[in-house]
Amino acid sequence: MRIVFMGTPDFAVSTLAEIVGTGHEVVACYTRAPAAGGRRGLDLVPSPVHRAAEKLGVPVLTPASLRTPEAAETFAAHEADVAVVVAYGRILPQNILDLPTLGCLNLHASLLPRWRGAAPIQRAIMAGDAESGVAVMKMEAGLDTGPVGLVERVAIGPDMTAGELHDRLMIVGADLMGRALAALERGGLDFRPQPAEGVTYAAKIDKSETRIDWSRPAKAVHDHIRGLSPFPGAWFELDGARVKVLRSTLAAGAGAPGTVLGDDLTIACGEGEGAGAVRLTEVQKAGSRALPADEFLRGAALEKGRVLA
């Protein structure tokens, strides 16, 4: 089939490679325009999908908007059978959605209708969900509201981080989209409306919610830490500096919230029912590399009984 691919981050690269590798003709790749970056922030850095598309010989387009007559004319000229959208980062207007003969398919990293929106991977872990997955959805004007064609479920381990789930869903999702396109090509991809029950929204992670609140139950603190790892990272303050926590485990212990309970970075959490502790197993000071807890403690004064902010 003739396919227009639309995506931006690393998560979308595997799907692009899968589509090209299975013999479809990717006639164009839409992605975010190069953004300021590099060591000094002065270079224009192309997106991961941009770089991958160039290596695969796929023409790249980076329009600032899809809502102009020129954008619609350009898109129509591709004469695409289908558009595949994976974390593109822009809303597709209805006139664009209507152009491909077989519609626009979106690969979404959740079990729709749970976790519609921008940050489904992080929100699933932060909420303590036991499973996640990927869904291939036919796009419509609403936010992740379209009918679903295929779903693949993935278990979330008790200590799995958002980064680990991201990498797992990236691979599973590429395979799922490949299967969806094969079914679509032979006329065998059936779509079912999403149920009205169980709808939740995965709002974009805000910096204001990244600080660790030790007064929450230990399980909630642990889920918060792993749901924000590795980026943007949950953190606490130590001697006026931020310390990011990349990994933790649930631990036995009790005390006032934020109290250091021993010499292994076990921190008391919560109060009353649900109280407990977490052991911080990998941390990172600003400007430093990530360290296992024992290495971090060699240079940090975290004596038993100290209360963390």
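Up top is the structure.
Residues numbered from 1 in each chain as written. Predicted model: local features only at pLDDT ≥ 70, side-chain atom pairs only at ≥ 80, totals over all residues. Heavy atoms only, no water.

Points about helix α2 (residues 48-56)
Then comes step 1: Inspection of α2 places P48, V49, H50, A52 and A53 among the buried residues, and these make up the whole buried set.
Then comes step 2: Those residues of α2 that are buried are in contact with β1 (2-7), α1 (10-21), β2 (25-30) and β5 (60-61). (Buried < 20%, exposed > 50% of the residue type's maximum accessible area, 1.4 Å probe, protein only. Helix = DSSP H or I, 4+ residues; strand = E, 2+ residues; numbered from the N terminus. Contact = heavy atoms within 4.5 Å.)

A look at helix α3 (residues 69-77)
Then comes step 1: Buried within α3 are the following residues: A71, A72 and F75. When α3 is viewed along its axis, its buried side chains cluster within an angular range of 95° and face the same direction. Seen from the buried face of α3, the exposed residues on the opposite side, beyond 90 degrees, are P69, E70, E73 and A77.
Then comes step 2: Where α3 is buried, its residues contact β1, β2, β6 (82-86) and α4 (94-97).
Then comes step 3: Remark: E79 follows α3 within two positions and exhibits a positive phi of approximately 50°. (Arc of directions from axis to C-beta.)

Section: the packing of aromatic side chains
Note on aromatic pairs: each is described by the distance of the centres and the angle between the planes.
Then comes step 1: Using the criterion set out here, one finds two aromatic pairs in the structure.
Then comes step 2: Ring plane angle 45° and centroid distance 5.5 Å describe the contact between Y30 and F75, whose orientation is recorded as tilted. You can see Y30 sitting in strand β2 and its partner F75 sitting in helix α3, a full 45 residues away along the chain.
Then comes step 3: Residue class for Y30 comes out buried when judged on its relative accessible area of 2%.
Then comes step 4: One residue, R242, lies across the ring of W235, its end atom 3.8 Å from the ring centre. (Phe/Tyr/Trp six-rings, centres within 6.5 Å; stacked < 30°, edge-to-face > 60°. Lys NZ or Arg CZ within 6 Å of the ring centre and 35° of its normal.)

Points about the sheet that holds strand β9 (residues 131-138)
Working definition: the strands of a sheet are paired by backbone hydrogen bonds and lie parallel or antiparallel to each other.
Then comes step 1: Spatially, the seven strands line up as an open sheet ordered β5-β2-β1-β6-β7-β9-β10, and their pairing is mixed. In this open sheet, the two strands that pair with only one neighbour each are β5 and β10 (148-155).
Then comes step 2: For β1 and β2, the ladder comprises five bridges, and the chain directions are parallel. By the bridge assignment, R2 is partnered in β2 with E25.
Then comes step 3: This element, α1, spans β1, β2, β6 and β7 (104-108) of the sheet and lies at about 170° to β1. (Pairing = 2+ DSSP bridges. Axes fitted to C-alpha atoms, helices over the stretch in contact; angles between N-to-C directions.)

Regarding the environment of H224
Then comes step 1: On the secondary structure map, H224 appears in helix α7 (residues 218-227).
Then comes step 2: H224 sits in the buried class, given a relative accessible area of 6%.
Then comes step 3: Sequence-wise, H224 and R211 are 13 residues apart; in three dimensions their C-alpha atoms are separated by 9.3 Å.
Then comes step 4: Beyond its immediate chain neighbours, meaning those up to four positions away, H224 contacts M126, E209, T210, R211, I212, R216 and A234.

Let's talk about unusual backbone geometry
Then comes step 1: A cis amide bond links S229 with the next residue in sequence, P230, at an omega value of 10°.
Then comes step 2: Considering the arrangement of structural elements, one finds P230 in the loop between α7 and β12 (234-238).
Then comes step 3: For the bond running from F231 to P232, omega is 0°, close enough to zero to count as cis.
Then comes step 4: Residue position: P232 is located in the loop between α7 and β12.
Then comes step 5: Of note, the phi angle at E79 is positive, near 50°, even though the residue is not glycine.
Then comes step 6: When its relative accessible area of 60% is taken as the criterion, E79 is described as exposed.

Observations regarding the nonpolar core
Then comes step 1: Counting residues in each nonpolar core, the largest one holds 41 residues, and the members touching the most others are F5 and L181.
Then comes step 2: Ranked by residue count, the leading element in this core is helix α6 (residues 162-185), at 11 residues.
Then comes step 3: Residues A218, V243, V260 and A293 belong to the second largest nonpolar core, which totals 27 residues. (Core = buried A, V, L, I, M, F, W, Y, C linked by side-chain atoms within 4.5 Å.)

Some points on the pattern of salt bridges
Then comes step 1: One pass over the full model with this rule turns up 12 salt bridges.
Then comes step 2: Between R153 and E131 there is a salt bridge, with the nearest N and O atoms lying 2.6 Å from each other. Pair noted here: R153 is in strand β10 and E131 is in strand β9, with a separation of 22 residues, a long-range link.
Then comes step 3: Look at R153 and you get exposed, because its relative accessible area is 54%.
Then comes step 4: Exposure remark for E131: the relative accessible area of 35% places this residue in the partly exposed category.
Then comes step 5: Sharing partners across several salt bridges, the network here consists of E152, D175 and R179. (Salt bridge = Lys/Arg side-chain N within 4 Å of Asp/Glu carboxyl O.)

Overview of the environment of R168
Then comes step 1: Mapped onto the elements, R168 comes out in helix α6.
Then comes step 2: Considered as a pair, R168 and V49 are 119 residues apart in the sequence and their alpha carbons are 18 Å apart.

That is the geometry; function is a separate question.
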